[in-house]
Amino acid sequence: MAAYLCAPAVIHGEHSVKTEEIVAEVHGRHPEAAWAPRVDGIAASTGIETRGWMLPLEAAVAPGRRSGTGSAGPAREALIREGFTEQDADRAVAALDAVPAPQTVQERTAPAWEAVQSYGERAARGALQIAGLDVADVDCLITSNSTTPALPGLDVALANRLPLRGDAMLLPATQWACVAGTRSLALAADLVAADPDRVVLVVISEALSTTYQPADDTLESLIVRLLFADTAVAAVVTGRPRPESVLRLDASWHHTLPGTQDLHRLETRADGTHFVMDRRGPRAVQDTVTAMWEWLRVRYEDDPAAWHPDVLLAHPGGTRVLEYMEQTMPAEWPSGLLRYSRDSYTTGNRGGAAVFDILRRAHDAGQEAGSRAVLYAAAPGLTATALEGEWL
């Protein structure tokens, strides 16, 4: 399977949003919520003090531009039919229009979609520069973007923005979500295995802040507000080693748990996208971790005592599953394998971009040639993909 990965480019959201700002906004909007007394403790437990968003917090919490009644709309006509004078009807409609209304899907997602494209382009150009390649060298573009659905999608947008050659293969994935980092690399590895001269560019750009829904008053919605960050990442994968290659990918693994499709999901409603969490999710994700351990055990069953990864780049969705991974990995494995994963979570959950961010942190810290690496991610579905390889 050998595929060669160059170091990724990582573009963090440029708007710093502090946890204390989110806590203040939630307190002001939901002072009577049953969980209101626990907000400060829940916020502190995330370990996140700030996260980067593509758009400022004000953009997420602003009211809609209009309530939709309109001075000549159905409301005014209905009032006149009920005996209101035109002057009284106009005053009543004006009062209705002054009531803050939720943002519409268009108001919420359109600016974010523009940002997703811009950030994606910056990441793509950065990855090509890191790899010492030009836009004209790209034979295939794999993109992932789950938070701001659009047609045409990020693949076509980048093909025009960069621009790519007209014969470049475009492979968009709009529903990979958190598993995008590992699954895109597994797909890229298959593509270069079929043609070692192929150059594959992977771009993942997610505005997870679009799931910040001010009106939601559930405890799960509070957690969503606190966790997510916006990031665009990109990396080049080739079938032959390059001077800029940092990691050789040797094998991939995929796993899907039946009957878990409703545990975590993204829903589109009148006011935008909502990420719906289920408290059973972390326990189900742990089942994918157990399955991954078995894959690695079988892969190295001829040398179980001597082999272990030197770094584990994991995005299981939260720190609870990271703790489970530490508790269930073989006892003879060294400690600290998840340090870069934990470090990434201190500034937010980056969804599909997380594994590339974690990989970049490991690269910047200086991994020795010959170090063995395992990359793992799980996503709503519940589905997971892992890769195993060697640092160059």
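Shown above is the structure to which this text applies.
About the criteria used
- Residues numbered from 1 in each chain as written.
- Predicted model: local features only at pLDDT ≥ 70, side-chain atom pairs only at ≥ 80, totals over all residues.
- Heavy atoms only, no water.
- Helix = DSSP H or I, 4+ residues; strand = E, 2+ residues; numbered from the N terminus.
- Rg over C-alpha atoms; globule rule 2.2 N^0.38 Å.
- Buried < 20%, exposed > 50% of the residue type's maximum accessible area, 1.4 Å probe, protein only.
- Contact = heavy atoms within 4.5 Å.
- Areas by Shrake-Rupley, 256 points an atom, 1.4 Å probe, with all protein chains shown as cover.
- Lys, Arg positive; Asp, Glu negative; His and termini not counted.
- Charge placed at Lys NZ, Arg CZ, Asp CG, Glu CD.
- Phe/Tyr/Trp six-rings, centres within 6.5 Å; stacked < 30°, edge-to-face > 60°.
- Lys NZ or Arg CZ within 6 Å of the ring centre and 35° of its normal.
- Expected span 1.5 Å × (residues − 1).
- Salt bridge = Lys/Arg side-chain N within 4 Å of Asp/Glu carboxyl O.
- Core = buried A, V, L, I, M, F, W, Y, C linked by side-chain atoms within 4.5 Å.
- Polar contact = N/O pair within 3.5 Å; in protein donor to acceptor, adjacent residues only side chain to side chain.
- Pairing = 2+ DSSP bridges.

Peer 1: So, the overall build of the protein chain: which residues are in play, and what are the values?
Peer 2: Secondary structure summary: the protein chain contains 13 helices and 14 strands in total. For the protein chain, whose C-alpha radius of gyration is 23 Å, the value lies close to the compact-globule estimate of 21 Å for 392 residues. Judged by the C-alpha coordinates and their principal axes, the protein chain covers about 85 × 50 × 35 Å. Residues classed as buried in the protein chain amount to 55% of the 392 residues present. The long-range share in the protein chain, meaning contacts at least 24 apart out of those at least 6 apart in sequence, stands at 80%. Within the structure as shown, the protein chain displays about 17000 Å² of accessible surface, and the carbon and sulfur contribution to it stands at 52%. Charged side chains in the protein chain number 34 positive and 51 negative. The centres of these two groups are separated by 1 Å.

Peer 1: Explain the environment of A94 to me, and be specific about the residues and the numbers.
Peer 2: Following the sequence through the fold, A94 ends up in helix α5 (residues 86-98). Assessed through its relative accessible area of 46%, A94 is described here as partly exposed. Sequence spacing of A94 and E267 is 173 residues, and the spatial spacing of their C-alpha atoms is 32 Å.

Peer 1: Run through the packing of aromatic side chains, naming residues and quoting values.
Peer 2: On inspection of all chains with the given rule, the structure shows 6 aromatic pairs. Summarising the aromatic geometry, the rings of W53 and Y212 are spaced 5.5 Å apart at their centres and angled 70° between planes, so their arrangement reads as edge-to-face. Of this pair, W53 sits in strand β4 (residues 50-53) while Y212 sits in the loop between β7 (199-206) and α9 (219-227), placing them 159 residues apart in sequence. What makes W53 buried here is its relative accessible area of 1%. Between Y300 and W307, the aromatic rings sit 4.0 Å apart at their centres with planes inclined by 5°, giving stacked as the arrangement. Accessibility classification places Y300 together with W307 in one group, the buried group. In textbook terms, an aromatic cluster arises when at least three aromatic residues are bridged by ring pairs, as seen for W293, Y300, W307 and W333. In this arrangement the basic side chain of R122 is found over the ring face of Y119, its NZ or CZ atom lying 5.0 Å from the centre. R225 extends its terminal NZ or CZ atom over the ring of Y212, reaching a point 5.4 Å from the ring centre.

Peer 1: Just give me the short version of helix α10 (residues 281-299), but keep the residues and values in it.
Peer 2: In this model, α10 (19 residues) spans 28 Å end to end at C-alpha, consistent with the 27 Å of a helix rising 1.5 Å per residue. The set of residues buried in α10 consists of G281, P282, A284, V285, Q286, T288, V289, A291, M292, W293, W295 and L296.

Peer 1: Account for the pattern of salt bridges, naming residues and giving values.
Peer 2: Counted by the stated rule, this structure contains 23 salt bridges. With its nearest N and O atoms 4.0 Å apart, the salt bridge here joins R161 to E114. A residue pair is termed long-range when its members are at least 10 positions apart, and R161 in helix α7 (residues 154-161) and E114 in helix α6 (residues 105-131) qualify at 47 residues. Assessed through its relative accessible area of 29%, R161 is described here as partly exposed. Residue E114 is classed as partly exposed on the basis of its relative accessible area of 47%. With a shortest N-O distance of 2.7 Å, R361 and D343 are connected by a salt bridge. Here the residue R361 occupies a position in helix α13 (residues 354-365), and D343 occupies one in helix α12 (residues 339-345), the gap between them amounting to 18 residues.

Peer 1: Describe the nonpolar core, with residues and values.
Peer 2: The biggest cluster of nonpolar side chains holds 41 residues, and the ones touching the most others in it are V200, L247 and W391. Ranked by residue count, the leading element in this core is helix α8 (residues 180-194), at 7 residues. The residues contacting L247, other than those within four sequence positions of it, are A3, Y4, L5, L359, A373, L375, G389, E390, W391 and L392.

Peer 1: Would you mind going over the environment of R51 in detail, with residue names and values included?
Peer 2: Relative to the assigned elements, R51 resides in strand β4. Assessed through its relative accessible area of 2%, R51 is described here as buried. Taking the C-alpha atoms as reference, R51 lies 21 Å from A378; in sequence the two are 327 residues apart. When neighbours within four sequence positions are excluded, R51 is seen to be in contact with H15, S16, V17, K18, T19, I22, L226, F228, A229 and T347. Within the structure, the side chain of R51 is placed 3.0 Å from the side chain of T19, a separation counted as a polar contact.

Peer 1: Go over the side chain of T211 with me, naming the residues and quoting the values.
Peer 2: With respect to the helices, strands and loops of the structure, T211 is situated in the loop between β7 and α9. Within polar-contact distance, the side chain of T211 engages the backbone oxygen of L208 at 2.7 Å. Setting aside residues no more than four positions away along its own chain, T211 makes contact with V224, F228, L266, T273 and F275.

Peer 1: Can you lay out unusual backbone geometry for me, pointing to particular residues and giving the numbers?
Peer 2: Here the amide bond leading from L151 into P152 is cis, since omega sits at 0°, within 30 degrees of zero. Looking at the secondary structure, you find P152 in the loop between β5 (140-144) and α7. Omega for the peptide link from L162 to P163 comes to -15°, which places this bond in the cis form. Even without being a glycine, A177 presents a positive backbone phi close to 55°. Counting through the fold element by element, A177 comes out in the loop between β6 (169-173) and α8.

Peer 1: Describe α6, with residues and values.
Peer 2: In this model, α6 (27 residues) spans 38 Å end to end at C-alpha, consistent with the 39 Å of a helix rising 1.5 Å per residue. Immediately beyond the C-terminal end of α6, within one or two residues, lies G132, with a positive phi of roughly 70°.

Peer 1: Let's hear about the pairing of strand β1 (residues 3-6): which residues, and what values?
Peer 2: What you see with β1 is no split at all: A3 and L5 on one side and Y4 and C6 on the other are buried throughout. Sheet topology note: the β1/strand β9 (residues 245-256) ladder contains 4 bridges and is antiparallel. Note that in β9 the partner of L5 across the bridge is L247.

As far as function goes, none of this settles anything; it's purely spatial.
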